[in-house]
Amino acid sequence: MLSETNNRLLTEAGPGTQMGELLRRFWIPVALAEEIGGPDSPPQRVTVLGEPLLLFRDTSGRIGLVDRRCPHRGADLYYGRNEACGLRCVYHGWKFDVDGNCLDLPTTPADSRFREKIRLTAYPVQEAGGLIWGFLDSAAALPAIPRHEFTLLPDAHIHVSKKWQDCNWVQALEGAIDTAHLSFLHMPAPSVDAGAAAASSPVSQAALSDQDSDGRVRWVRDDPCPFFTVLPHAAGLLFGAARRADGDDTYWRTTQFLMPNHAYAPNAFPGETQHGQAWTPADDRSCWIYTYSWNSERPITSAERAKFRGGFSIHSEVDDRYVPLRRLDNDYLIDREDQRRNSFTGIRGVSEQDAAIQESQGPIVDRSREHLGETDLGIIAFRKLMLASALADGEAPPAASMPDAYTVQCGGAVAHRDISLADVMRDRFGHTTGHVGSRYKS
Amino acid sequence: MLSETNNRLLTEAGPGTQMGELLRRFWIPVALAEEIGGPDSPPQRVTVLGEPLLLFRDTSGRIGLVDRRCPHRGADLYYGRNEACGLRCVYHGWKFDVDGNCLDLPTTPADSRFREKIRLTAYPVQEAGGLIWGFLDSAAALPAIPRHEFTLLPDAHIHVSKKWQDCNWVQALEGAIDTAHLSFLHMPAPSVDAGAAAASSPVSQAALSDQDSDGRVRWVRDDPCPFFTVLPHAAGLLFGAARRADGDDTYWRTTQFLMPNHAYAPNAFPGETQHGQAWTPADDRSCWIYTYSWNSERPITSAERAKFRGGFSIHSEVDDRYVPLRRLDNDYLIDREDQRRNSFTGIRGVSEQDAAIQESQGPIVDRSREHLGETDLGIIAFRKLMLASALADGEAPPAASMPDAYTVQCGGAVAHRDISLADVMRDRFGHTTGHVGSRYKS
Amino acid sequence: MLSETNNRLLTEAGPGTQMGELLRRFWIPVALAEEIGGPDSPPQRVTVLGEPLLLFRDTSGRIGLVDRRCPHRGADLYYGRNEACGLRCVYHGWKFDVDGNCLDLPTTPADSRFREKIRLTAYPVQEAGGLIWGFLDSAAALPAIPRHEFTLLPDAHIHVSKKWQDCNWVQALEGAIDTAHLSFLHMPAPSVDAGAAAASSPVSQAALSDQDSDGRVRWVRDDPCPFFTVLPHAAGLLFGAARRADGDDTYWRTTQFLMPNHAYAPNAFPGETQHGQAWTPADDRSCWIYTYSWNSERPITSAERAKFRGGFSIHSEVDDRYVPLRRLDNDYLIDREDQRRNSFTGIRGVSEQDAAIQESQGPIVDRSREHLGETDLGIIAFRKLMLASALADGEAPPAASMPDAYTVQCGGAVAHRDISLADVMRDRFGHTTGHVGSRYKS
């Protein structure tokens, strides 16, 4: 549990908050690349960390991430004209480029120097891995963008999506690093035979892997109390959750938390497609969740993409505004009969099950009333790291300037029960915390 | 009028408030029995006194009324599994029985005693008179359930319903003990002849009786300023409103207020079906109104039940979520032409007329701006009793532990104008404040 | 820019605020005359300056503007009966006349004098120029109604409408006295040839005149930085915006701001129909905008009326609740392709373009973040006048008791560049600030 003070410190990320300042020292996803049109297409509204912003691509193809308010009298530049290398307010024709410079101020006499005083707040922005990333601190030195593996691969090897969620970003992220819940939330109903479950339960399969996952469903169901190991590294934390497998074996599921708002899923066996997510606060009671899947060995097939779009693995089925079809206001279309007979929740989709439970915790979960146990060690370590980083205000977080530290992997493994997490990782990835940066040239 | 301080004291009933504490010392209706399904059926959400709760029936048929939040990390147990004598959270499988004991805590190692520390808030619950009653004070000694007459009769003799109302519970209850409003709100339009009114106005009939009510409509219309008498008794207050009838007669309408949130309607003549209501706050700006009709002499007929379900007497016509069809957001489908020609309000239904006027007072009426007159004596007495009881904090309210004091009746009577209320009651019910407990064995 | 304190002083107009008190010293439009039915028709809800009120016409044709709350126990008199020269509450039959006198208090004994103590808040009201005007200060001496020219003409010469707007009234009014924005907001797209624009752009024509406006479109587009002159007068401020026209000529557009909440449009050339507006706060985040058009020389034709109703000039296209069809929650049906090719905004309608930009400033624009320039002189003068007037609390504003000062005109003119605004006005209207009262007998 946390004190109310620390819960607020952890969860409030608007302008002027300490957690907000921490997040602003990192490049964070602010949109899918697919959302932004071609040169001079209409600007798109995005709200990030409580700030109403606009995203637009100018005539030369550059992308701007700017304040939505015209500095003249506060008109919304969303209604503006994106033309001739700038965004022009339709109220009085003031015009700004992607860097926030005022290009034209026609309501001023020709000899005026007023224009030089006028700036529109603009944030640096980059495209990588199918996402648009923004850096929302105007004052800080601009670091290089983190080298997540999925951003280093050809487009054919990655698939990205996003979804809206009606709760604070932290409890949603905590759901991803708490891999103990797999033994329940995403499982078949208890009445379903575990052997049959692998075949009968596409949801459980989706939560575990893209392929057959017979043994894994059984191991996860049979051991609901995995043993957690946490290994800190330069970009975040590696979590290992160990469950009893067959004989003397342990089934490891390893997860990466990457500062400040990413987590990688623990499912992938060698060769399988990997999944990760980033949680970007819209405001303190809602967030956008960016989900990226990548396969370093082969392209994502169109069959896989179709499954992801229909809600598979941790991709959600969403409408054209990226709002999930199964959501809080329709109780996720819960089917109580299905819950009784087939699935643990009666809710279709791994991503939707996660959303249901995370939103059900309330807009901002009250962590002063929690009762944490052994399987919550990962969450506790995550909170400690984030709170300490937020309280080091002024100090630039080291991870922000270590882009290479982000080239990591994680996933599932089966090993003899005497082998440590570090050794399991070294065997699987060649590095104790999953660093695979040497495969890519900087 | 009340001071703003006393208005808040009277109307705020959430956790930690003085009025909330008072209400929690009584058994109060929290649902209709029909709302809760059979063993292991899905849990139902109920919000009572500002607390989000769940109601569920376990495998053995026992009913639980429990906190909606899992004590682990605050997930909503509504999405939980009701199975094998307990409600299991789908996040990590924690399981609780109807008494709040933790039956299973699978994310903990086998040798852990952590489970013994974990409790889910659970409140005692009973079924009586077609209602589910809860007792929302975990610390107080549990009293016996109040012996309202309708809870002592066979099911065939009673009819219950509920409706949602968008205002504070107190002003709604005050509408029921203020019987002066019958001369207006529920009457035919002034242009309608009083003699013809009984025949032509089903609404006025519904407000007065199930049967012919010719004289009563006339007496009520002709004397809009009834004289009020208040007789306190162990369970609450008896109100008598005396109007001029024919000759030297007085038409008495008597009402019971029963601590802390019940009132009985004043209409019934001997043999007629009686009606009562309980107002249970959902939060301070909305309440559930439970309406119960009973006839101690004969079963309720199916024709009567059909009328009640269609909105008759003080039963409302509601949708499948118990929300009235004629409600604030559609202006109660007021028909101004009907208001001009036929009914005083142009709104169909006694219950809907009451709701219209009570909700029109605002979410919480500002009693510091009132101007109370002679016919508001009942309301004044009610407020005095409730405020004094709320301020006696710590002291258990005597009525809460006197279940027999609730077996009372009231209704209409015609008597010579020199006869007092106490004598009218003794003549009609054998007791000065309507106590009929001797008819039922404890 | 304004300080936050002055921004609040300028924009907050609820009961007890200084700006609210100022507005209450003037007659202000509270409804269209068409909204109020015949004698004894149902009362209409109106919310003015944050006060929930009712408007009704009694049996004798008198109009009442009264508090919506019954003084007895706060029931909403909207559900009341408008009958026999008064409005009767349906709860207990209390009845009030248009002056707030209690005519009947039937729940009181015949000999009671309680009724004499009871009053319903009622405000003076008058009908003029197709509008209902109210005076919302019960204590102040009642001035004569301001003699706006459109209120002095036969009904056939005027056309009135109203629309809802979701922002503070001040920023909406500021949009009307800021005539610099015409060079942008209401123009054809830059790619459209200015000569062709007059023919091709009905929107630009509508913003400029009812008739051909070839030269005017060109002059307005070619000079986006008009020179502003402000001439104070007894009822408000005259603004002149001077743009370069052909040769040595200046194209003047003159606007009247009339205390406390009117502005006249600057378009009309001699003989053309004139337009004006009044902004009446519903609450601080929304307002009703009354638009009146008048032609002192001839009746408004039915073709003109049809155009106005369909959204022409500064009349908006509205639904039967006076809510614009193109509005904030549907992004004004902005057509980005039309914005690219034809019009500056892609939004249809001058009135809708104004609403879009004014609402886009937010519910209450933050004037502490503005950057005002040369073309904002009119706005600056307006704010100074209003703030000074609001701070002179207690002092009756002189304009309020000078009804004749309101008989003014304004409009467009072309004159040699050496002629001053005062002289231009004298040439056009016979008076330096447009006073034309001598044409009308008092």
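Here the structure is a predicted model, which is why all the values come from computation and not from measurement. (Residues numbered from 1 in each chain as written. Chains lettered and ligands numbered in written order. Predicted model: local features only at pLDDT ≥ 70, side-chain atom pairs only at ≥ 80, totals over all residues. Heavy atoms only, no water.)

## Here we look at the overall build of chain A
If you tally the helices and strands in chain A, you get 11 helices and 19 strands. The C-alpha atoms of chain A give 23 Å as radius of gyration, which agrees with the globular expectation for 442 residues (22 Å, within 12%). Projecting the C-alpha coordinates of chain A onto the three principal axes gives extents of approximately 85 × 45 × 45 Å. Considering chain A as a whole, with its 442 residues, one finds that 64% of them fall into the buried category. Considering only contacts within chain A whose residues lie at least 6 apart along the sequence, 63% involve residues at least 24 apart. As presented, chain A carries roughly 15800 Å² of accessible surface, and 51% of it is formed by carbon and sulfur atoms. (Helix = DSSP H or I, 4+ residues; strand = E, 2+ residues; numbered from the N terminus. Rg over C-alpha atoms; globule rule 2.2 N^0.38 Å. Buried < 20%, exposed > 50% of the residue type's maximum accessible area, 1.4 Å probe, protein only. Contact = heavy atoms within 4.5 Å. Areas by Shrake-Rupley, 256 points an atom, 1.4 Å probe, with all protein chains shown as cover.)

## Quick word on the packing of aromatic side chains
Under the definition given, this model contains 45 aromatic pairs over all chains. Ring centres 6.1 Å apart and planes at 85° place the aromatic pair Trp94 of chain A and Phe114 of chain A in the edge-to-face group. Here Trp94 of chain A is found in the loop between strand E6 (87-88) and strand E7 (95-96), whereas its partner Phe114 of chain A is found in the loop between strand E8 (102-104) and strand E9 (122-123), with 20 residues between them in sequence. The exposure class of Phe114 of chain A is buried, given its relative accessible area of 15%. Judged by centre distance (6.1 Å) and plane angle (80°), the rings of Tyr251 of chain C and Phe269 of chain C are edge-to-face. Here Tyr251 of chain C is found in strand E15 (residues 249-258), whereas its partner Phe269 of chain C is found in the loop between strand E16 (262-264) and strand E17 (274-283), with 18 residues between them in sequence. Taking relative accessible area as the criterion, Tyr251 of chain C reaches 0% and is therefore assigned buried. Cluster of aromatic residues (ring-pair linked, three or more members): Trp133, Phe150, Tyr264, Tyr292 and Trp294 of chain A. Directly above the ring of Tyr78 of chain B sits Arg336 of chain A, whose terminal nitrogen or CZ lies 4.7 Å from the centroid. Geometry around Phe312 of chain B places Lys307 of chain B over its ring, the cationic atom sitting 4.0 Å from the centre. (Phe/Tyr/Trp six-rings, centres within 6.5 Å; stacked < 30°, edge-to-face > 60°. Lys NZ or Arg CZ within 6 Å of the ring centre and 35° of its normal.)

## Considering the pattern of salt bridges
Once their charged atoms are close, side chains differing in charge can pair, the charge on each being opposite to the other. Following the criterion strictly, the structure yields 87 salt bridges over all chains and no others. The closest approach of N and O atoms between Asp67 of chain A and Arg369 of chain C, which form a salt bridge, is 3.5 Å. Of the two residues, Asp67 of chain A sits in strand E4 (residues 63-67) while Arg369 of chain C sits in the loop between helix H9 (350-360) and helix H10 (377-391), which places them in two different chains. Here Arg369 of chain C falls in the partly exposed class, since its relative accessible area comes to 42%. A salt bridge links Asp404 of chain B to Arg147 of chain B, with the nearest nitrogen and oxygen atoms 3.1 Å apart. Taken as a pair, Asp404 of chain B in the loop between helix H10 (377-391) and strand E19 (412-416) and Arg147 of chain B in the loop between strand E11 (131-134) and strand E12 (158-165) lie far apart in primary sequence, 257 residues in all. Within the structure, one salt-bridge network assembled from shared partners comprises Arg73 of chain A together with Glu174, Asp178, Arg367, Glu370 and Arg383 of chain C. (Salt bridge = Lys/Arg side-chain N within 4 Å of Asp/Glu carboxyl O.)

## Observations regarding the relation of the copies chain A and chain B
For the pair chain A and chain B, the best superposition has an RMSD of 0.1 Å and corresponds to a rotation of 120° with a translation of 0.0 Å parallel to the axis. Those values place the two copies in the arrangement expected of a three-fold rotation axis. In terms of C-alpha distance to the rotation axis, chain A has Asp329 of chain A as its closest residue, with the C-alpha 12 Å off the axis. (Least-squares fit on C-alpha atoms with pLDDT ≥ 70 in both.)

## Things to note about the interface of chain A and chain B
The interface is formed by 39 residues belonging to chain A together with 31 residues belonging to chain B. There are four salt bridges connecting chain A and chain B. Elements that contribute at least two residues to the side of chain A that touches chain B include exactly helix H3 (169-177), helix H8 (336-341), helix H9 (350-360) and helix H10 (377-391) of chain A. Tallying contributions element by element places H9 of chain A first for the side of chain A that touches chain B, with four residues.

## Some thoughts on the interface of chain A and chain C
With 31 residues of chain A at the contact, the number on the chain C side is 39 residues. The largest share of the area that chain A buries against chain C comes from Arg73, Tyr79 and Tyr91 of chain A, three residues that together contribute 29% of it. The tally of links between chain A and chain C comes to four salt bridges. Here chain A is connected to chain C by 18 residue pairs in polar contact (both at pLDDT 80 or more). Considering only residue class, the side of chain A that touches chain C consists of 14 nonpolar, eight polar and nine charged. (Buried area = accessible area lost by both parts, 1.4 Å probe. Polar contact = N/O pair within 3.5 Å; in protein donor to acceptor, adjacent residues only side chain to side chain. Nonpolar A, V, L, I, M, F, W, Y, C, P; charged D, E, K, R; others polar.)

## Description of the sheet that holds E11 of chain B
Backbone-to-backbone hydrogen bonds pair the strands of a sheet. The strands run either parallel or antiparallel. Residue and element names in this part refer to chain B. The strand order across the open sheet built from three strands is E1-E11-E10, with neighbouring strands paired in antiparallel fashion. Each edge of the sheet is formed by a strand with only one pairing partner; in this case those strands are strand E1 (28-32) and strand E10 (125-128). Between one strand and the next, the sheet's axes are offset by a mean angle of 35°, whatever the strand orientation. (Pairing = 2+ DSSP bridges. Axes fitted to C-alpha atoms, helices over the stretch in contact; angles between N-to-C directions.)

## Things to note about the sheet that holds strand E11 (residues 131-134) of chain A
All names here are of chain A. As summarised here, the arrangement of the three strands in space is E1-E11-E10, forming an open sheet in which the pairing is antiparallel. Looking along the sheet, the strands with just one partner apiece sit at the ends: strand E1 (28-32) and strand E10 (125-128). Taken over all neighbouring pairs, the strand axes of this sheet differ in orientation by 35° on average, direction set aside.

## Section: the environment of Ala207 of chain B
Residue and element names in this part refer to chain B. The residue Ala207 is located in helix H5 (residues 202-208) in this model. Classification of Ala207 as buried rests on a relative accessible area of 7%. Each C-alpha atom of the pair Ala207 and Ala156 lies 23 Å from the other, and the pair is 51 residues apart in sequence. The contact partners of Ala207, leaving out residues within four places of it in the chain, are Leu182, His186, Arg253, Asn267 and Val350.

## A word on the pairing of strand E13 (residues 227-233) of chain A
Sheet topology note: the E13 of chain A/strand E14 (residues 236-244) of chain A ladder contains seven bridges and is antiparallel. By the bridge assignment for E14 of chain A, Pro232 of chain A is matched with Leu237 of chain A.

## A closer look at helix H3 (residues 169-177) of chain C
Residue and element names in this part refer to chain C. Along H3, eight of the nine residues are buried, which leaves the element largely enclosed by surrounding structure. Looking at H3, one finds that the buried residues are Trp169, Val170, Gln171, Ala172, Leu173, Glu174, Gly175 and Ile177. The backbone nitrogen of Val170 has a side-chain oxygen 2.9 Å away, supplied by the residue at the start of H3, namely Asn168.

## Some words on the confidence of the model for chain A
In low-pLDDT regions, the fine details of the predicted coordinates are not to be read closely. Overall, the predicted model of chain A reaches an average pLDDT of 94, with 96% of residues at or above 70. Interface predicted TM-score (ipTM) for the complex: 0.95; the corresponding pTM is 0.95. (pLDDT = per-residue confidence, 0-100.)

## Focus on the side chain of Gln274 of chain C
All names here are of chain C. By secondary structure assignment, the location of Gln274 is in strand E17. A polar contact of 3.4 Å, which involves the side chain of Gln274, links it to the side chain of Gln409. Once residues within four sequence positions are removed from consideration, Gln274 is found in contact with Glu149, Ala268, Tyr292, Ser293, Trp294, Gln409 and Cys410.

## So, the environment of Val30 of chain A
All names here are of chain A. Checked against the element boundaries, Val30 lands in strand E1. Residues Val30 and Pro281 lie 251 residues apart in sequence; the distance between their C-alpha atoms is 9.4 Å. Setting aside residues no more than four positions away along its own chain, Val30 makes contact with Val46, Val48, Leu65, Ile132, Trp133, Gly134, Leu136 and Tyr290.

## Some thoughts on unusual backbone geometry
Trans is the prevailing form of peptide bonds, just as negative phi is the prevailing case for residues other than glycine. Here the amide bond leading from Met259 of chain B into Pro260 of chain B is cis, since omega sits at -5°, within 30 degrees of zero. As for its position among the elements, Pro260 of chain B is in the loop between strand E15 (249-258) and strand E16 (262-264). The phi torsion at Cys85 of chain A lies on the positive side, around 60°, for a residue other than glycine. Locating Cys85 of chain A in the fold gives a position in the loop between strand E5 (81-82) and E6. On the accessibility criterion, Cys85 of chain A (32% relative accessible area) is partly exposed.

## Describing the packing of helix H1 (residues 4-11) of chain B against H10 of chain B
All names here are of chain B. Where H1 meets H10, the axes come as close as 10 Å, and the angle between the chain directions of the two elements is 80°. The angle between H1 and H10 places the two elements in the roughly perpendicular class. Facing H1, whose interface residues are Asn6, Leu9 and Leu10, H10 presents Arg383, Met386, Leu387, Ala390 and Leu391. Classifying every residue of the contact of H1 with H10 by side-chain character gives six nonpolar, one polar and one charged. (Parallel < 35°, antiparallel > 145°, perpendicular 65-115°, else oblique.)

## Comments concerning the state of the cysteines
Taken as a whole and assessed by the stated rule, the structure comprises zero disulfides over all chains. The thiol of Cys70 of chain B is unpaired, and the distance to the nearest cysteine sulfur, on Cys89 of chain B, comes to 4.1 Å. (Disulfide = S-S within 2.5 Å.)

## Overview of the pairing of strand E18 (residues 286-294) of chain A
Walk down a regular strand and you will see the side chains alternate between the two sheet faces. Residue and element names in this part refer to chain A. A large share of E18 lies buried, amounting to nine of its nine residues. Alternating positions in E18 separate into two faces, Ser286, Trp288, Tyr290, Tyr292 and Trp294 on one and Cys287, Ile289, Thr291 and Ser293 on the other, with burial throughout. In this structure, strand E12 (residues 158-165) lies alongside E18, joined through eight bridges in antiparallel fashion. By the bridge assignment, Lys163 is partnered in E18 with Ile289. Sheet topology note: the strand E17 (residues 274-283)/E18 ladder contains nine bridges and is antiparallel. Residue pairing across strands places His275 opposite Ser293, the latter belonging to E18.

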